[in-house]
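Listed here are the chains, written in short residue letters.
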Amino acid sequence: MGLRILKKLIPGLVIVSLLWGSTGKICVLAAAEEYPILYEEVSESDDPVIVLLTGEEDYTVLPGESLWKIAKKLWGDGNGYEELAELNKDQIKDPDLIFPGMSLKVSKAGTIIRKEAKYGGAQMGNYAMDMPHNFRVGILQSGDAFANFAMFSDGSAIACLIQDRKRETALSVRDWEQCKKYITDYVDENYGDQVSNLNFEHYLMKDQGGASGELYLYSYSWQISADYPNLKYSICVGLKLTDHIQAEFVGYGTDYDIHGGVRYMAATFEEHFSSESNEKFTVNDSNMQMSPEAEWELDGVLNSFAWVDEFFTSMLNKALGVEEEKSAREKLMERMQS
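A. Here's a closer look at the overall build of the protein. For the protein, the count of helices and strands is seven helices and 17 strands. Counting all 338 residues of the protein, 46% fall into the buried class. Taking as baseline every contact in the protein between residues at least 6 positions apart, the subset at least 24 positions apart corresponds to 68%. Only carbon and sulfur atoms are counted for the fraction: they give 47% of the accessible area of the protein, which is about 17,900 Å².

As structure tokens, then:
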């Protein structure tokens, strides 16, 4: 597949990304933005681009707000007020005249420059995606958390799960607002002490060949242990639905923009479907796996929280020299052999 596959990413090596200061406290570095979404006009470049359209949502005008202020708050650029006015032309006759309490439709097209496209990325026959520069490919494992296709660099990694598109997956995320509520409630109930800064994104991608589809993301900060309050990782989870494929990504990092990296990879993911082919289109035979796949109410969607919990708990235990408790089966086998 044109990529050097490492035999195994040794879990203990990942611990070098946990930076211990002279005081014994763990430090987490701030990450510069690698793949920003540009909402202003992009100057001409030799690099190709991808365009993300934010899903249409309702926004209630607050007292003292103008279209310029709303565009600035939502997209970081007040010049987007003209697009906002056009989107709501049925009720806005004068862009300078809006009222508190008005419900506006908000949607915006943003551009990401595909600066990694020139390196070829990961070409897998039925699909392809850009790969962050200086990332390698290998197997990722810690405890029972496993991914047989991951891209990683020092202290950062992005695990991939590629499957045929499932009907239940599309149904789970169809009502994105309800999906966000479920994830938030799930976190509060199960990981309230470990998860913070939970954020959600949803983008549409149209007329971009195989890269078209819908993109769902959520990101959060993960505190590995209450005993080490400064030991945190940035996590980003992406789901890309094309016509025939669902691609899921779970990334973690400290001093790398893992949010931008996951969004970039997921957005550039594209399927290579040919209606002229007589063969059944499937990617399930590519044997992409991530485990454990813990159950939750979002059918067909990977439970990233359970995966991340197992991965980092096992990694920390190994780093601290804590032997994990043997399973009942292992204990039984020892008794039988004694």
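B. Structural view of the pattern of salt bridges. By the definition in use, this model includes six salt bridges. Taking the shortest distance from any N to any O, the salt bridge between Asp185 and Lys181 comes out at 2.8 Å. Note that Asp185 and Lys181 are positioned in helix H4 (residues 176-190) at a spacing of four residues, about one turn of the helix. Lys181 sits in the partly exposed class, given a relative accessible area of 48%.

C. Structural context of the nonpolar core. Counting residues in hydrophobic clusters, the biggest one holds 44 residues, and the most contacted among them are Ile183, Phe305, Trp307 and Phe312. Of all the secondary-structure elements, those providing two or more residues to this core are strand E10 (145-153), strand E11 (156-164), H4, strand E12 (195-205), strand E13 (213-225), strand E14 (228-241), strand E15 (245-253) and helix H6 (304-319). Not counting residues up to four positions away in its chain, the partners in contact with Phe305 are Ile183, Tyr186, Val187, Tyr191, Val195, Tyr218, Tyr220, Trp222 and Trp296. Formed by 37 residues, the second largest nonpolar core is a distinct cluster that contains Tyr35, Met151, Ala211 and Leu215.

D. Representation of the sheet that holds strand E16 (residues 270-271) within the structure. With respect to topology, three strands assemble into an open sheet ordered E7-E8-E16, the strand pairing being antiparallel. The outermost strands of the open sheet, each flanked by one partner alone, are strand E7 (122-123) and E16. Sheet analysis places E7 next to strand E8 (residues 127-129), joined by two bridges and oriented antiparallel. Each residue of the ladder has a partner; that of Gln123, found in E8, is Ala128.

E. Quick peek at the packing of aromatic side chains. By the definition in use, this model includes 27 aromatic pairs. When the centroid spacing of 4.6 Å and the interplanar angle of 35° are considered together, the rings of Tyr233 and Phe312 count as tilted. Placement of the pair is Tyr233 in strand E14 and Phe312 in helix H6, with a sequence separation of 79 residues. Each member of the pair Tyr233 and Phe312 is classed as buried. Judged by centre distance (5.2 Å) and plane angle (15°), the rings of Trp307 and Phe311 are stacked. Of this pair, Trp307 and Phe311 both sit in helix H6, separated by four residues, roughly a single helical turn. An identical accessibility class is assigned to Trp307 and Phe311; each is buried. For Lys115, the ring lying beneath its charged end belongs to Tyr35, and the centroid distance is 5.1 Å.

F. Local environment of H6. For H6, built from 16 residues, the straight-helix expectation of 22 Å at 1.5 Å per residue is met to within 8% by its first-to-last C-alpha distance of 22 Å. Listing the buried residues of H6 in full gives Ser304, Phe305, Ala306, Trp307, Val308, Phe311, Phe312, Ser314, Met315 and Leu316. Once H6 ends, the next one or two residues include Gly321, with phi positive near 75°.

G. A look at the confidence of the model for the protein. Summing up the model confidence of the protein, the mean pLDDT is 84 and the portion of residues at 70 or higher is 85%. Low confidence marks residues 1-29, where pLDDT is under 50. Its contacts with residues over four positions away, or in another chain, come to 55 contacts.

H. How the structure looks around the environment of Gly210. Summarising the element assignment, Gly210 is placed in the loop between E12 and E13. Of the residues examined, Gly210 reaches a relative accessible area of 25% and is grouped as partly exposed. Through-space distance from the C-alpha of Gly210 to that of Asp243 is 8.6 Å; in sequence the pair is 33 residues apart.

I. Seen up close, the side chain of Asp130. Turning to its location among the elements, Asp130 is positioned in the loop between E8 and strand E9 (136-142). Judged by its relative accessible area of 3%, Asp130 falls in the buried class. At 2.7 Å, the side chain of Asp130 forms a polar contact with the side chain of Arg114. Here Asp130 is in contact with Arg114, Glu116, Ala117, Gly121, Tyr264, Met265 and Thr268, once residues within four sequence places are set aside.

J. Quick look at the pairing of E13. For E13, a buried count of 12 out of 13 residues is recorded, marking the element as mostly surrounded by other parts of the structure. In this structure, E12 lies alongside E13, joined through nine bridges in antiparallel fashion. Looking across to E13, one finds that Met205 is bridged to Gly213. Sheet topology places E13 next to E14; 11 bridges connect them, and they run antiparallel. Within the sheet, the bridge partner assigned to Gln223 lies in E14 and is Lys232. Hairpin connection, E13 to E14: the antiparallel pair is bridged by two residues.

What counts and how
Residues numbered from 1 in each chain as written. Predicted model: local features only at pLDDT ≥ 70, side-chain atom pairs only at ≥ 80, totals over all residues. Heavy atoms only, no water. Helix = DSSP H or I, 4+ residues; strand = E, 2+ residues; numbered from the N terminus. Buried < 20%, exposed > 50% of the residue type's maximum accessible area, 1.4 Å probe, protein only. Contact = heavy atoms within 4.5 Å. Areas by Shrake-Rupley, 256 points an atom, 1.4 Å probe, with all protein chains shown as cover. Salt bridge = Lys/Arg side-chain N within 4 Å of Asp/Glu carboxyl O. Core = buried A, V, L, I, M, F, W, Y, C linked by side-chain atoms within 4.5 Å. Pairing = 2+ DSSP bridges. Phe/Tyr/Trp six-rings, centres within 6.5 Å; stacked < 30°, edge-to-face > 60°. Lys NZ or Arg CZ within 6 Å of the ring centre and 35° of its normal. Expected span 1.5 Å × (residues − 1). pLDDT = per-residue confidence, 0-100. Polar contact = N/O pair within 3.5 Å; in protein donor to acceptor, adjacent residues only side chain to side chain.

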